[in-house]
Amino acid sequence: MGIAIPISATSPTGSLFLTNGGQLSGEWRDNASADEVSWQPPFTNEPYAFPWGNVAYAQFPPPREAAAQPGAYRIDTTSGDVLVGDLVDVNPEWVTLAVNLGPRRGEEPIKVARASIRSITRTDGAGGRVYMGPDPLSEWTTGDGDAWRYSQGALSTSRHDAVAYRGMTLPEKALIEIEVSWKVKADFSLELGVPRYRGKAIGSQVGADEELANLAEKLALPMRGRVRQAPNRESSETTNAFRLETVSDYLVAVRETDEATNLTIIRKLDKGAGRVSLLLYLDQPQNRLVVTSLRKEQLAELSVDCGENPLESGVLLTNREGDIQLDKLYVSEWNGESPTTDRTDQPSVTLTDGKIVYGEVVGYQPDDKKLLFAKPPERHAPAEKDVEPDADASPAEEQPEETEEEGADETLTGDQTQPAAEPDSEEPDSEEPTSEETPNEVALDDIAYIYFALPQSPSAAPARPDNLLTVVSHEGLRITGVARGVANQELSLSSESLEQPLHLPLSEIRSVRTFAQPQPVEQKWSVPRLEVEGLQTSGELTGAEASPGGSCLLWRPQGSRNAVALRNDASGRIDFRLPKESKPDDPTLTPRRRQPNNGIFGAIGAIFSRKQATSTSRESHPTPSQPAMMYLRLGDKIPCKIDRIDEQGVFFSSPYSNADFATHENIKAIELVIRGVDGRLTSDRRDHLLTLPRMRAQNPPTHLLVSTRGDYVRCRLLRLTEKTADVEIGLEETQLDRSRIARIIWLDPPPDEDDEPTSKKAEELGAADQLRVQAVRRDGVRLTFRLQAFETPSEEEPAGASKDAAPALVGASDVLAACVVKLADIDVLLFGDRIEQAAAELSYQRWKMRHAIEPRDVIEGESEDVSAGFPLVGLQAPELQLPFFNQGDRKQRKEFKVVDYKGDVLILDFWASWCGPCMQAMPKLQQIGNDYADKGVHVVAVNLQDSAEEIRAALLRLKIEPTIALDRDGVAAQRYQVTGIPQTVLIDREGNVANVFVGGNFEEKLRNAIDAALAEAEDAP
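Bear in mind the structure is a predicted one, so any value in this text is a computation, not a measurement. (Residues numbered from 1 in each chain as written. Predicted model: local features only at pLDDT ≥ 70, side-chain atom pairs only at ≥ 80, totals over all residues. Heavy atoms only, no water.)

Draft legend 1. Expanded view of the nonpolar core. Within the largest apolar cluster, 106 residues are counted, with the highest numbers of intra-cluster contacts made by W28, L371, I642 and L829. L872, Y901, A954 and L955 belong to the second largest nonpolar core, which has 40 residues in total. (Core = buried A, V, L, I, M, F, W, Y, C linked by side-chain atoms within 4.5 Å. Buried < 20%, exposed > 50% of the residue type's maximum accessible area, 1.4 Å probe, protein only.)

Given below as structure tokens:
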């Protein structure tokens, strides 16, 4: 099995994306092999080996706040690589930069081949990365949670009108690198400088804005599409942002302000799938945007004369009616120097004063900090077929023909210069070289930009090996090369652009992208699928002998060369096939008709009596020999025969268990009748059943019995025999007919403050030397056990000779003893903490008692009218259904219901005998009730969980006889949000809560509120 390798805090933790759609979180491990990556997820002790051809992408979060790559110069290569550093040397073959590779390696000289360099840009301390993205979806604001998807470092959607916003700071002068792609149709907008998430794109209806329409006509732009906005744009939604938009078959740049509007074409787009890679140079002080290709060829320039009009911070991407994927969005500082060249066939230097010198760099004098330039050889315009296509252009894109006016400056010679800002100047400045043999010397501080001529005839693209990678560092270093392995947590990368292999610490790597093509795999539910936090992948489950810290279960993801043991503390699930659609096994959440009740013991006798005369057709009367279903607290579910239940536990027999006894603490429910029981409940009834009154706190009910007729009774189950069940209800014992009992539910007591958290208990369960698993069989049976072995057929046994020879999981249950489950019988295999998580979602696990609210005694000085801030005021009064304590109210009702008082004014007084302010307030309330009795005002005192003796004693002491309803379990107090008593609630004639008073000093305010309620009713039409 090898040596266990623990997850290390020094190794970078990231996400690995496979070409087949699989995903694993984990750490990149050392591996001397050049053709594979070693990746260790947190649920294994050893790494997986994935061939680079099966890997699509890897991403790592920054270990620290990303800083600007130090260095005065930036090199861009023809393959899209980027290096930033200080210039060390220039010769005819190599350009040497001192590049900082992070704290571990520090600054190292890197030689870059001259033939591979596209340009060198002076950063002047600018050029630092402001943002590198797109980052995970959690950092974006989207209106629809599932509209966007983040995968392999890209943000994508096909949802129409989907919007994603990313807040960031845009420098006054910024270089923005973008790459977007689409599979079917391009119809999007990208706004730069948006203050906030809006949920829709902003633009102008083409044709509605005359100025914009005129500009479009002048540019000969076909306007079948639109630069779009939502109808009826409000002024608060206007934006000064620069926008890239698709209009018809074109990509355009647009900016609209209150003062001016401008639009220009960037390029024509092909039909169908496509990709665009652009460099955007944003100059906010000049209200100017320059768009270039990756080769620094200018594609568009947009200027809007609107004075000072700074942009807001933020980027908004909208997919209108196509599909879009944002592959790259980098924002960097820009020094403001001219980013473009107009002659890609000749080398040139742009000076800081704007002049362009045509010549080739031939050397560097480090002592004087001067570059040497030579006059370039005479060049002839290459034939059209020899011109290298744009790196960012679609294959079928038609390049626009050059007009005579556009090509007029081609007459400049190699040593002539022209001001970059004045291309139409009649007398360009020039610098004459001393001789062709003596190079020009230009001070390094005077150089803004160096352009290296592209080859006239591009060479054929070489074959790409599987281990060809593009690596991006956290500071923006970008290198494409062939992987040579990982040693000492450093990736060795060989690039044709570099003289020596680059050794980059893994801690400095932000992302790795391969050139492998995606391999979509049709999901077949005969292929197991593993889901662990940070991992989703199909694969194969096998077994082997357990190793220290590792289980006997081995998982081999599709695309991996090896299978690795799952750790004993791993948590997740393996789906072996598509789960069957099934109805929940708890039918208690749907309302059912309430059965008539003639008192609690009369009702129990009618429900469970052995002398029951009649039965409905849906009732099923079990005998002890009939099968039952037993549910354990960890989620186990087994068919069994229940022999008896006593104070020790449950005695049973089952073909799925070698045990015949389980303690009460392990049992959650028993279904004595599996089918034909209507146990549906209203939410009100469920609340009553699960609320523990204060008076029962010392002797809470432990069980819930469900009759074959679907009625519920809370009790303490004392014993169950073949024919009877002895229960305690309140403090009295009674005997019930077992044949009338359909279900027994064990109630969880209300949690106490000193109870251990469930998570801690789960951790203790998982802190064993064996992996805990729960097998969910195809027949619905669930078995939880500690895995001891993975049995496979003997090599001598003929394949398929017997079902008993099939692979099986073998283990021991704390409750059911020895367990054996055939792999072919399993639908889902849960392991680790996922067992408790799944069990918590099962229906019977939700039957947990809770304490009734115990309102505190309002202290002196707290009495007040809390109507203004009370949540229920103005809403329909919560319904109550409570028994009366005395002979009922004046209307001779025997049960109190709020709805019965609609049309009158109802005052509820929540009180308890132990509450001093309550005792002081009750006589006042009785007097108010008497004073307003002839006006349709009723006062009902709702007692909170006092015993009958306590209520009688209180009334005798006060010498009053109010109408009293009993909140025996605290549900009424909970619904009316009673936290302090006395609490007095006034409900108007429409049945709405009008006023709430807390405390005993309320008489005058209550009378005013009653008068207002009565007056409002009289004024109503």
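That covers the picture; the talk isn't over yet.
Draft legend 2. Examining unusual backbone geometry more closely. Going from G133 to P134, the amide bond is cis rather than trans, its omega being 5°. Along the polypeptide, P134 turns up in the loop between β11 (129-133) and β12 (141-142). Despite not being glycine, N287 has its phi angle at roughly 50°, a positive value. Note on placement: N287 falls in the loop between β21 (274-283) and β22 (288-292). (Helix = DSSP H or I, 4+ residues; strand = E, 2+ residues; numbered from the N terminus.)

Draft legend 3. Main features of the sheet that holds strand β15 (residues 162-166). Ordered in space as β12-β15-β24-β17-β18-β19-β20, the 7 strands form an open sheet in which the pairing is antiparallel. Lying at the two open borders of the sheet, with one neighbouring strand each, are β12 and β20 (261-268). As defined by bridge partners, strand β18 (residues 242-247) adjoins strand β19 (residues 250-256) across 6 bridges and the pair is classed as antiparallel. Pairing of R243 across the sheet is with V254, part of β19. (Pairing = 2+ DSSP bridges.)

Draft legend 4. Expanded view of the sheet that holds strand β29 (residues 370-374). On the basis of which strands lie adjacent, the open sheet formed by 3 strands has the order β28-β29-β31 and antiparallel pairing. Each edge of the open sheet is held by one strand with a lone partner, namely β28 (360-365) and β31 (440-443). Direction aside, neighbouring strands of the sheet carry axes that sit 30° apart on average. Pairing between β28 and β29: 5 bridges, direction antiparallel. When the sheet's bridge partners are listed, E360 is paired in β29 with A374. (Axes fitted to C-alpha atoms, helices over the stretch in contact; angles between N-to-C directions.)

Draft legend 5. Up close: the environment of P103. For P103, the position within the fold is in the loop between β8 (94-100) and β9 (107-113). For the pair P103 and P505, spaced 402 residues apart in the sequence, the C-alpha separation amounts to 9.4 Å.

Draft legend 6. A look at the confidence of the model for the protein chain. Confidence in the prediction of the protein chain, expressed as mean pLDDT, is 78, and 73% of residues score 70 or more. For residues 378-436, every residue scores under 50 in pLDDT, and the model assigns this stretch 87 contacts once sequence neighbours within four places are set aside. Overall, residues 580-601 carries pLDDT values under 50, and its contacts beyond four positions in sequence, including any with other chains, amount to 47 contacts. (pLDDT = per-residue confidence, 0-100. Contact = heavy atoms within 4.5 Å.)

Draft legend 7. Focus on helix α6 (residues 916-931). The end-to-end C-alpha distance of α6, which contains 16 residues, comes to 24 Å, matching closely the 22 Å that a straight helix rising 1.5 Å per residue would cover. Taken as a whole, α6 carries its principal kink of about 25° at M922; the proline P923 stands between one and four residues after it. Those residues of α6 not exposed but buried are P917, C918, M919, A921, M922, L925, I928 and G929. (Expected span 1.5 Å × (residues − 1). Bend = angle between axes of the 7 residues up to and from the residue.)

Draft legend 8. Expanded view of the packing of aromatic side chains. Under the defined criterion, the tally for this structure stands at 14 aromatic pairs. Summarising the aromatic geometry, the rings of Y281 and W334 are spaced 5.2 Å apart at their centres and angled 65° between planes, so their arrangement reads as edge-to-face. Pair noted here: Y281 is in strand β21 and W334 is in the loop between β25 (324-333) and β26 (348-351), with a separation of 53 residues, a long-range link. Judged on exposure class, the residue Y281 and its partner W334 are both buried. A ring pair is formed by F997 and F1002, whose centres lie 6.5 Å apart and whose planes are at 35°; its orientation type is tilted. Note on F997: relative accessible area 1%, which makes it buried. Against the face of F651 rests R644, its NZ or CZ located 3.7 Å from the ring centre. Above the ring of W847, the side-chain terminus of R686 is found at 4.1 Å from the ring centroid. (Phe/Tyr/Trp six-rings, centres within 6.5 Å; stacked < 30°, edge-to-face > 60°. Lys NZ or Arg CZ within 6 Å of the ring centre and 35° of its normal.)

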